[in-house]
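Now for the letters of each chain:
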Amino acid sequence: MKAVTWQGKRDVRVEDVPDPRIEEPTDAVIRVTSTGLCGSDLHLYEVLTPFMTPGDILGHEPMGIVEEVGPEVPDLRPGDRVVVPFQIACGHCFMCDTGLPTQCETTQVTGEGMGAALFGYTRLYGAVPGGQAEYLRVPQAQFGPIKVPEGPPDDRFVYLSDVLPTAWQAVEYAAVPPGGTLAVLGLGPIGDMACRIARARGAERVFGVDLVPERLARAQRRGVETYDIRAFDDEKALVHAIREVTGGRGPDAVIDAVGTEAHGSAAAKLAQTATAMMPRKLSGPLAERFSIDRLGALYMAIDLVRRGGTISLSGVYGGMADPMPMLTLFDKQIQLRMGQANVRRWTDQIIPYLTDEDPLGVDDFATHRLPLAEAPHAYEMFQRKQDGAVKVLMQP
């Protein structure tokens, strides 16, 4: 089959790889019909190269048709249409039972000290072959796949794999009070969708911050009050402007949907470039322990949120030795919630929004649809934010 493989920094290729097969009784194999390109994939494209191996199959936002199921998968049949969550979880361990499938004790990558295994996402999360491929082996298929109805196009449902539950959890963790205010930093796919969900769930005012014109325009068309970073002398001026329209306090909650940006900070870029050039045995531990996360968005969130407010982190942060302004966090009595989205915890709440009325705008959420064969171009375009690329779907 054809699959998108990682070969090095900024080097992805569509190659022939062996077809997946049933390996465990709880496996399924699906024929992929649509697969998303995620901002997190860009971290593998440039930032997290020390944890990758040439030939790794990328992608964690697939949906498709069930081709084969193992004997311990009772609720799936060949021909079922399913969306596959980005995390792999059993559904019955202590962590899954408490609503935290991202910490699944059956699939935890204990050798790396990490949580549940993820599709297509570095050896830290199990190096499981991903979903940017013609076919996908789905472990723990007795729990993970989400059956969806025939009829509507893939765009209606494919975002259940990651975008929708990640944005939903970001809003849930933000705990915006009824009639409250929310600022979203970063209007990529997750930030954009978080704005839509927050408005649909009753936030009175939503402020969106970015610097990419197409992203700002998309959010503004859906009623978000947008702020272009480039229009301000510095971040303090931007924070002041939003405080001015929130009674001088700042918004009730802030979502950081930026995380470890795939490009931006010069100092962080230098450190990440250095680790990428080292021998693999040295670069991995160094990047994991001493990488400099690009914390500009998080610092802005801490400055912006009102006292007693909540910061919700949905952006991926990868370093472990970053300076945190603990005095400010403590003094402002800020609540901080974060983590990978617990997909199956939220999907039953999200699906009622996926109707013909399309209140979240999923049907036209993708800006680009490309064949899988054009994945190298898709990655470059998305990484460089060219041609108005906000969300890219690929079809094998």
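Residues numbered from 1 in each chain as written. Predicted model: local features only at pLDDT ≥ 70, side-chain atom pairs only at ≥ 80, totals over all residues. Heavy atoms only, no water.

## A few points about the sheet that holds strand E10 (residues 205–210)
Reading across from one edge, E11-E10-E9-E12-E13-E14 is the order of the six strands in this open sheet, with parallel pairing throughout. The sheet is open, and its two edges are formed by strand E11 (225–228) and strand E14 (335–338), each paired on a single side. Taking the axes of each pair of neighbouring strands and ignoring which way they run, one obtains an average angle of 20 degrees across the sheet. Pairing of strand E9 (residues 181–185) with strand E12 (residues 253–256), which is carried by four bridges, proceeds in the parallel orientation. Across the sheet, the residue bridging to Leu 185 is Asp 256, located in E12. In the packing of helix H3 (residues 163–174) onto the sheet, contacts are made with E9, E12, strand E13 (310–313) and E14, and the angle to E13 comes to roughly 160 degrees. (Pairing = 2+ DSSP bridges. Helix = DSSP H or I, 4+ residues; strand = E, 2+ residues; numbered from the N terminus. Axes fitted to C-alpha atoms, helices over the stretch in contact; angles between N-to-C directions. Contact = heavy atoms within 4.5 Å.)

## Observations concerning the sheet that holds strand E2 (residues 11–16)
Backbone-to-backbone hydrogen bonds pair the strands of a sheet. The strands run either parallel or antiparallel. Taken in spatial order, the three strands of this open sheet run E2-E1-E4, and their pairing is antiparallel. Two strands lie at the open edges of the sheet, namely E2 and strand E4 (56–57), each paired on one side alone. Bridge analysis of strand E1 (residues 2–8) against E2 gives six bridges, and the strand direction is antiparallel. Opposite Lys 2, over in E2, you have Asp 16 as the bridge partner. Strands E1 and E2 of the sheet are contacted by helix H12 (residues 375–383), whose axis makes an angle of about 160 degrees with E2.

## Re the pairing of strand E15 (residues 368–371)
Burial along E15 is one-sided: the residues His 368 and Leu 370 are buried and none of Arg 369 and Pro 371 is. Pairing analysis gives four bridges linking E15 to strand E16 (residues 392–395), with the strands arranged parallel. Of the residues in E16, the one forming a bridge with Leu 370 is Met 394. Taking the sense of rotation as the criterion, the β-α-β connection linking E15, H12 and E16 turns out right-handed. (Buried < 20%, exposed > 50% of the residue type's maximum accessible area, 1.4 Å probe, protein only. Right-handed = clockwise from strand over helix to strand, strands pointing away.)

## What about the pattern of salt bridges?
Tallying each qualifying case throughout the model produces 21 salt bridges. Here Arg 196 and Asp 192 are joined by a salt bridge, their closest N and O atoms 2.9 Å apart. Of this pair, Arg 196 and Asp 192 both sit in helix H4 (residues 189–200), four residues apart, roughly one helical turn. Here Arg 196 matches Asp 192 in class, with each residue buried. (Salt bridge = Lys/Arg side-chain N within 4 Å of Asp/Glu carboxyl O.)

## Concerning the nonpolar core
Residues Tyr 159, Leu 160, Leu 164, Met 193 and Ile 255 are the most contacted members of the largest nonpolar core, which totals 68 residues. Here this core takes eight residues from H3, the largest share from any one element. Residues contacting Met 193, with those up to four places away along its chain left out, are Val 163, Leu 164, Ala 167, Leu 360, Val 362 and Phe 365. Counting residues in each nonpolar core, the second largest holds 21 residues, with Ala 183, Phe 207, Tyr 227 and Ala 241 among its members. (Core = buried A, V, L, I, M, F, W, Y, C linked by side-chain atoms within 4.5 Å.)

## Comments concerning the side chain of Thr 310
Its place among the elements puts Thr 310 in strand E13. Take Thr 310: its relative accessible area is 6%, and that puts it in the buried class. Residues in contact with Thr 310, not counting those within four places in the same chain, are Tyr 173, Ala 174, Asp 252, Ala 253, Val 254, Val 305 and Gln 335.

## With respect to the confidence of the model for the chain
Here the chain shows a mean pLDDT of 89. Residues at 70 or above account for 88%. Taken as a whole, residues 262–292 scores under 50 in pLDDT and shows 58 contacts with residues more than four places along the chain or in a different chain. (pLDDT = per-residue confidence, 0-100.)

## Here we look at unusual backbone geometry
We note that Arg 10 has phi near 55 degrees; this positive angle belongs to a residue other than glycine. Along the chain, Arg 10 turns up in the loop between E1 and E2.

## Quick look at H4
With twelve residues, H4 should cover 16 Å at 1.5 Å per step; its first-to-last C-alpha distance of 16 Å lies within 8% of that length. H4 sits mainly inside the fold: ten of its twelve residues count as buried. Those residues of H4 that sit buried are Pro 189, Ile 190, Gly 191, Asp 192, Met 193, Ala 194, Cys 195, Arg 196, Ile 197 and Ala 198. Buried residues along H4 sit against H3, E9, E10, helix H5 (213–221), E12 and H12. Of the residues trailing H4, Gly 202 is marked for its positive phi of about 105 degrees. (Expected span 1.5 Å × (residues − 1).)

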